[in-house]
Amino acid sequence: MSKKQFKAESKRLLEMMINSIYTHREVFLRELLSNASDAIDKIYYKALTDDSLNFDKDSYFIKVIPNKETRTLKIIDTGIGMTKEDLENNLGTIAKSGSLAFKKETELKDGYDIIGQFGVGFYAAFMVSDLVTVTSKALGSEEAYKWESIGAEGYTIEPAEKDSVGTEIILTIKENNEDENYDEFLEEYRLKSIIKKYSDFIRYPIKMDASSTRPKEGSDNEFEEYVEEQVVNSMVPIWKKNKSELGDDDYANFYAEKRYGFDKPIKHIHISVDGTIRYNAILYIPEKTPYDFYSKEFEKGLELYSNGVLIMDKCADLLPDHFSFVKGMVDSEDLSLNISREMLQHDRQLKLISKNINKKIKSELQSLLKNEREKYEEFYKSFGRQLKYGVYSEFGANKEVLQDLIMFYSSKEKKLVTLDEYVSRMPEDQKYIYYASGDSIERIDKLPQAEFVSENGYEILYFTEDIDEFAIKMLMTYKEKEFKSISSGDLGIEGEENKSDSESEEKEYKEIFDYMKGILADKVKDVRVSKRLKSHPVCLATEGDISIEMEKILAAMPDNQNIKADKVLEINKNHEVFQSLKEAFDNDKEKLDLYTKLLYNQALLIEGLPIQDPVEFTNDICKIMV
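Residues numbered from 1 in each chain as written. Predicted model: local features only at pLDDT ≥ 70, side-chain atom pairs only at ≥ 80, totals over all residues. Heavy atoms only, no water.

So, the overall build of the protein
Our working definition: Starting at the N terminus, helices and strands are each numbered in turn, a helix being any DSSP run of H or I of at least four residues and a strand any DSSP run of E of at least two. For the exposure calls, accessible area comes from a 1.4 Å probe over protein chains only, and a residue counts as buried if that area is under 20% of its type's maximum, exposed if over 50%, partly exposed in between. Contacts are assigned to residue pairs that have any heavy atoms within 4.5 Å of one another.
Within the protein, the secondary structure is distributed over 19 helices and 22 strands. Out of the 626 residues in the protein, the part that is buried amounts to 51%. When contacts within the protein are restricted to residue pairs at least 6 apart in sequence, those whose partners lie at least 24 apart make up 69%.

Brief notes about the side chain of Lys388
Residue placement: Lys388 occurs in helix H8 (residues 373-396). When sequence neighbours within four positions are dropped, the list of residues in contact with Lys388 reads Tyr380, Ile406, Met407, Phe408, Glu465, Ile467, Asp468 and Ala471.

Considering the pattern of salt bridges
Pairs can form between side chains of opposite charge once their charged atoms are near each other. Our working definition: Criterion for a salt bridge: a side-chain nitrogen of Lys or Arg within 4 Å of a carboxyl oxygen of Asp or Glu.
With the rule as written, the count across this model stands at 46 salt bridges. Residue Arg425 is joined to Glu413 by a salt bridge in which the shortest nitrogen-to-oxygen separation is 3.8 Å. Of this pair, Arg425 sits in helix H10 (residues 419-425) while Glu413 sits in the loop between strand S14 (407-410) and strand S15 (416-418), and the two are 12 residues apart along the sequence. Several salt bridges converge on common partners, so that one network encompasses Glu26, Glu184, Arg190, Lys197 and Asp313.

A closer look at a nonpolar patch on the surface
Heads up, the condition is: Note that patches include only residues with greater than 30% relative accessible area and no salt bridge, and the join distances are 9 Å for like charges and 5 Å for nonpolar side chains (Val, Leu, Ile, Met, Phe, Trp, Tyr). Accessibility throughout is a Shrake-Rupley quantity obtained with a 1.4 Å probe, and a residue counts as covered only by protein chains that appear here.
Taken together, the side chains of Ile621, Ile624 and Met625 make up a nonpolar region of the molecular surface, amounting to roughly 300 Å² of accessible area. Summarising the element assignment, Met625 is placed in helix H19 (residues 614-625).

What about the environment of Lys484?
Residue placement: Lys484 occurs in strand S19 (residues 481-485). On a C-alpha basis, the gap between Lys484 and Ile433 in space is 5.9 Å, while along the polypeptide they are 51 residues apart. In this structure Lys484 touches Tyr432, Ile433, Tyr434, Tyr435, Asp490 and Leu491, once residues within four positions along its chain are discounted.

Remarks on the packing of aromatic side chains
Here is the rule we go by: Each pair of aromatic rings taken from Phe, Tyr and Trp, with Trp reduced to its six-membered ring, is defined by centres within 6.5 Å and is described as stacked if the planes are under 30 degrees apart, edge-to-face if over 60, and tilted in the remaining cases. For a Lys NZ or an Arg CZ to count as sitting over a ring, it must be within 6 Å of the ring centre and within 35 degrees of the ring normal.
Within the structure shown, the criterion is met by 35 aromatic pairs. For the ring pair Phe293 and Tyr294, a centre distance of 4.8 Å and an interplane angle of 80° mean the geometry is edge-to-face. Of the residues examined, Phe293 reaches a relative accessible area of 5% and is grouped as buried. On the basis of relative accessible area, Tyr294 is assigned to the partly exposed category, the value being 42%. Through a chain of ring-to-ring contacts, three or more aromatic side chains come together here, namely Phe293, Tyr294, Phe298, Phe323, Phe325, Tyr376, Phe379, Tyr380 and Phe383. Its end group placed over the ring of Tyr294, Arg385 keeps NZ or CZ at 5.8 Å from the ring centre.

Digging into the packing of helix H15 (residues 510-520) against helix H17 (residues 576-587)
Our working definition: Between the N-to-C directions of two axes lies an angle of 0 to 180 degrees, each axis being a line fitted to C-alpha atoms and, for a helix, fitted only over the stretch in contact. An angle below 35 degrees is treated as roughly parallel, one above 145 as roughly antiparallel, one from 65 to 115 as roughly perpendicular, and anything else as oblique. Asp, Glu, Lys and Arg are counted as charged, while Ala, Val, Leu, Ile, Met, Phe, Trp, Tyr, Cys and Pro are counted as nonpolar; the rest, among them Gly, fall into the polar class.
The interhelical angle for the contact between H15 and H17, taken along N-to-C directions, is 85°, at an axis separation of 11 Å. Classified by the angle their axes make, H15 and H17 are roughly perpendicular. Judged by residue contacts, Glu511, Ile512, Phe513, Tyr515 and Met516 of H15 engage Phe578, Leu581, Lys582 and Phe585 from H17. Here the contact of H15 with H17 is built from residues that sort into seven nonpolar, no polar and two charged.

Overview of H8
This is how it is decided: Here the expected span of a helix is defined as 1.5 Å times the quantity of residues minus one. By definition, a residue's bend is the angle between the axes fitted to the seven residues ending there and the seven starting there.
With 24 residues, H8 extends only 26 Å from end C-alpha to end C-alpha; this falls clearly short of the ideal 34 Å at 1.5 Å per step. The sharpest bend along H8 measures roughly 65° and falls at Phe383.

Remarks on the sheet that holds strand S12 (residues 309-315)
What counts here: Note on pairing: two strands pair once DSSP finds at least 2 bridges between them.
Spatially, the five strands line up as an open sheet ordered S9-S10-S13-S11-S12, and their pairing is mixed. Edge strands, defined here as strands with exactly one partner in the open sheet, are strand S9 (267-274) and S12. Strand after strand, the sheet turns through a mean of 15° between neighbouring axes, direction not considered.

See the structure below:
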């Protein structure tokens, strides 16, 4: 027996493989179990063309055996095994895969595929072990061989004794150090959790001798520990089953088992595609927002599997931000994976899956909105903000996708309505989609500006979230109808007669309003007669792109740039207050100064804006009372 050097170029290459390629050491077990599954698959493929082979799936398994005393972890499979040449070629050459070669030779599909396409996975074993021993007996061979290595120094191959066909890998686990706890890879519960996480859906049973307790015979109070062989993995994934076999409870149980959330999903989506690219997916629309959903800590993404083996916990590329609330998984045989299988090559297949999934999510949300309105509204209360953010973000790139999914509270319906529902009810003469912004429905209900629009029979959408107006500004129009704030200067409601009346009133009261504007200096852009006020004396209107609500939101941001709305103080000429203003203008300018400041501060309070000098405001009120 002589030591042989690896066929790869250098010792440094293997050191890099062991220490740099994989993010988590635990994936060594995923790689070895995937290889074991491949070895059994190879017998299955051979049986399809060799009548002398009878493939009985129940006879094939993988077994994991930890031993704390000897510090060894054994992985046994009943697969096709390896000859001396196979050991030399597959384990002696880094990044050469016998599985990939076999796959190319057979070109068989029939619902099965080879998992291990890279020869790198096996070497992940050196991340956790000082010595790796592989004993294998190939199908049809009378001889067995042992391959052994301590890492980059090289390996040996020699004859060995083995009764049955298959492969046995023994890892001598490293001793603990200050940085790493290698003992965990000898703990039964830890090994089980790794298997469940990565290899739960490998199609052959993965067995372990597991400890359990039972009542001691002849005693009611005493228990004894015993060991029995258990199958750790589920084997048949739910997404590979026919939809007709599954009920709502099956999907709900899978949601709970995978810990996608502690709530009950509102809807599940089961996708099976067998076209240009093959994939299966189970997606969930949750009922409630995760506690960290609107925080920086939240990570979006779907679990990504390749042939039932977990590749990524959260593949963010499969979901856009506006659908980041969706939970679930995708499994595909056709993904181009990189050398460690932990990261994807950003290729056409992944983009195609993502595109199809996003179309399906939108379609299912529209179906929910149309057919199960109560459920949709329940969902919308949790995630509507995210949809509206999606309209606004990326410079409105997704607004066409999302505009039919967003909803707002309606002044007429007294409930959430869609933009389509609003537009479908619009009278023929209505030019705009009217909206009002405020902290709450109750506050908007009391806005003086809403009075005129409502009395003319027009519906108003209530914007109560900070993102609402920004999203609508990005949307600009819906079905060729522009959005118009009820605080805008021109509401498009006044007729020609009213227009001429307004013009004459502006001339008539120009002096008094110019004087009031001078008192308010740079606080307002203008003071004028209101065309919208009915019973209220005063309100603020705006001109330009920045509304009062947007000013409030921008002011609350950490990088406040002191952006202000162009405000117009509107006075109701039919209110008793206006008579007091006229009298003061003619007889007592000091009193007019006082009235002007009071009315302006009242208008600020109505809008929920802060008063610049509260002490001065209260003193002004006292002056009126004296």
